Amino acid sequence: MKNMREELDIITAYNMVGTYRGAADICGTTHKTVKRVVLRHAAGQGRPAKAPRPANYEDVRGLVAAGVDTAKARISAKRLLPTARAAGYTGSERSFRRLVAEEKKTWRVKHGRTHRPASWSPGEHLVIDWGVIAGVHVFAAVLAWSRFRFVRFAADEKAATTMGMLAECFEVLGGTPKVVLADRMGCLKGGVVANRVVPTAEYVRFATHYRFRPDFCEAADPESKGIVEALVRYGKDDLLRPLLLEHAQGLDGEEQAAAARILADLGGANQRAADWCAEVNAAVHSEIAAVPNERLAKEVDLLTELPSLRPVIGPAPATRKVDKLSTIRLGSARYSVPNRLIGTQVGVVVDGTRVLILDTGTGEVHAEHPLTSPGEASVLDEHYGGARPAVPVRVIRPRSAAEVAFCALGPAAEAFIAGAAGAGHTRLGPELAELNTLSAAHGQAAMVAALERATAFGRWRAADVRSILAAGTGVPTPRPAGDALVLDLPTSTGRSLAEYAPATKAVSS
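This report concerns the structure included in the present document.

1. Observations regarding the overall build of the protein
The secondary structure content of the protein amounts to 17 helices and 14 strands. Taking 2.2 N^0.38 as the reference for a compact globule, 509 residues should give roughly 23 Å; the C-alpha atoms of the protein span a radius of gyration of 48 Å, well beyond that estimate. Along the first, second and third principal axes, the C-alpha atoms of the protein reach 160 × 125 × 60 Å. Across the protein, contacts joining residues at least 24 apart in sequence account for 57% of those joining residues at least 6 apart. Total accessible area on the protein is roughly 32000 Å²; 54% of this is exposed by carbon and sulfur atoms. Of the side-chain charges in the protein, 64 are positive and 54 negative, and the distance between the mean point of each set is 9 Å.

Structure below.
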């Protein structure tokens, strides 16, 4: 095209000046070229076509095409170049890269697949997927037509966890869509026959209970559910990573320790996820130019109504009997329950890192504990009516007649016995009869006061108590020191030192 335009310029210049050399000066070429172009134009002949010169890589094109086809267009020119050199290619690496790029493009045009945009119907599809960072798993679900998003965290991707997340998602949506589309999750896939996924029996029962059809996308084909792939990425980058950084404070940036903190408090993490979903679902979605919450309000009428009975997901709770310690044993560890349940049967469920103790009839949660290693015990004070005392309490139980008569004096007698035992007074037992005699002689009130004084001063023999009783009420009673006495002292007017100077006598003349 460029050469044709140049020839037209030469002919125009020649027609204007009428000489070969003048047209050559105007067009910046030689007069011989002008003459050749003008004569050819006058004879009605076109510009002679040049024979195409083959590229220096044509001899190895077939070799490159075979290599690209074998590798399904995933091989690089760097890998193919040594083979081409051995086959006789002597050109540059740049030319060879151009050849490989051409063959890859040709292969993709022949074998590539074409896509068409999805057309979602209201109430039709819910698309789900999992993602994971440092052991914290992210469950994501998108109601396709309204673009309503649901994100939660979990400790694993087991079938019970996945179906529990789906059940919670249905509760949030207020209904069940017609189809739940997932990739070929191992927890939901029972097998594959002729490229058709066979769901597990548990998943089929779950789908039948909620009245939806389980569907699975093609293997290794994330494009078929790209609507949820983006949500998984957003949930990991915008929600989980900031949460990991927040829990990693003081841990020198250890991601695994931060993930362990999140898994230990999944309830708090899922509350953050629920708040995040409420925020994004209330904003305008860039794809549909509408608010997902508003679209869901219209779509919910087309969803299948939730069943009146909710299914039991996962294995049935283990049954345990509450022992006399008001605990149950699970995995060689003890977990406390309210002491009013001693002797009853309770259900035990392990939910991630939590142990839930339930009522087998109603499903009421009696207690919740963190999962404990074998040999350890998780005990809550409220299950026993209060905190454990700092030291063991040894209850005084009188057995002999002398002990019963002495302990009838009340707490003062019990405190006296405890103090004498702690001081190592080995004659306390034989002296109880003498103390009971003193009580009969002086009266109960005087004896109680004497025992209190003896306990206060650490006097544990019967003779000491007799001496206190003989002294009567005239003995001093020490009191603890009180607060400092603060008095306002009187004030007086001040006088200067000049007033105290001696007076001078007048000298007579």
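Following the structure, the description resumes.
2. What to know about the packing of aromatic side chains
Following the criterion strictly, the structure yields 13 aromatic pairs and no others. Centroid distance Tyr89 to Phe96: 5.4 Å. Interplanar angle 45°. Geometry classified as tilted. Each member of the pair, Tyr89 as well as Phe96, is classed as buried. Taken together, a centroid distance of 5.2 Å and an interplanar angle of 55° make the contact between Phe170 and Tyr210 tilted. With Phe170 in helix α7 (residues 159-173) and Tyr210 in helix α8 (residues 201-210), the pair connects residues that are 40 residues apart, well separated along the chain. On the basis of relative accessibility, which here comes to 1%, the residue Tyr210 falls in the buried class. Here the aromatic cluster, defined as three or more aromatic residues joined through ring pairs, consists of Phe170, Tyr203, Phe206, Tyr210, Phe212 and Phe216.

3. As for the sheet that holds strand β7 (residues 213-216)
In space, the five strands of this open sheet follow the order β3-β2-β1-β4-β7, with mixed pairing throughout. This sheet does not close on itself; its edge strands, each paired only once, are β3 (148-154) and β7. With strand direction ignored, the average angle separating the axes of adjacent strands in the sheet is 25°. Of the pairings in the sheet, the one linking strand β4 (residues 179-182) to β7 comprises four bridges and is parallel in character. Across the sheet, the residue bridging to Leu181 is Asp215, located in β7.

4. With respect to the environment of Pro117
Mapped onto the elements, Pro117 comes out in the loop between α6 (93-111) and β1 (125-133). Along the chain, Pro117 and Ala13 lie 104 residues apart, while their C-alpha atoms are 56 Å from each other.

5. Describing the pairing of β4
Covered by surrounding structure in β4 are Val179 and Leu181 together with Val180 and Ala182, the residues of both alternating faces. Pairing of β1 with β4, which is carried by three bridges, proceeds in the parallel orientation. Its bridge partner being in β4, His125 is matched across the sheet by Val179.

6. Here we look at the sheet that holds strand β9 (residues 327-330)
Here we have three strands laid out as an open sheet, ordered β9-β10-β14, and mixed in their pairing. Since the sheet does not close on itself, it has two edges, and those belong to β9 and β14 (377-378), each with one partner. Note: β9 against strand β10 (residues 333-336), four bridges, orientation antiparallel. Each residue of the ladder has a partner; that of Thr327, found in β10, is Ser336.

Basis of the calculations
- Residues numbered from 1 in each chain as written.
- Predicted model: local features only at pLDDT ≥ 70, side-chain atom pairs only at ≥ 80, totals over all residues.
- Heavy atoms only, no water.
- Helix = DSSP H or I, 4+ residues; strand = E, 2+ residues; numbered from the N terminus.
- Rg over C-alpha atoms; globule rule 2.2 N^0.38 Å.
- Contact = heavy atoms within 4.5 Å.
- Areas by Shrake-Rupley, 256 points an atom, 1.4 Å probe, with all protein chains shown as cover.
- Lys, Arg positive; Asp, Glu negative; His and termini not counted.
- Charge placed at Lys NZ, Arg CZ, Asp CG, Glu CD.
- Phe/Tyr/Trp six-rings, centres within 6.5 Å; stacked < 30°, edge-to-face > 60°.
- Buried < 20%, exposed > 50% of the residue type's maximum accessible area, 1.4 Å probe, protein only.
- Pairing = 2+ DSSP bridges.
- Axes fitted to C-alpha atoms, helices over the stretch in contact; angles between N-to-C directions.

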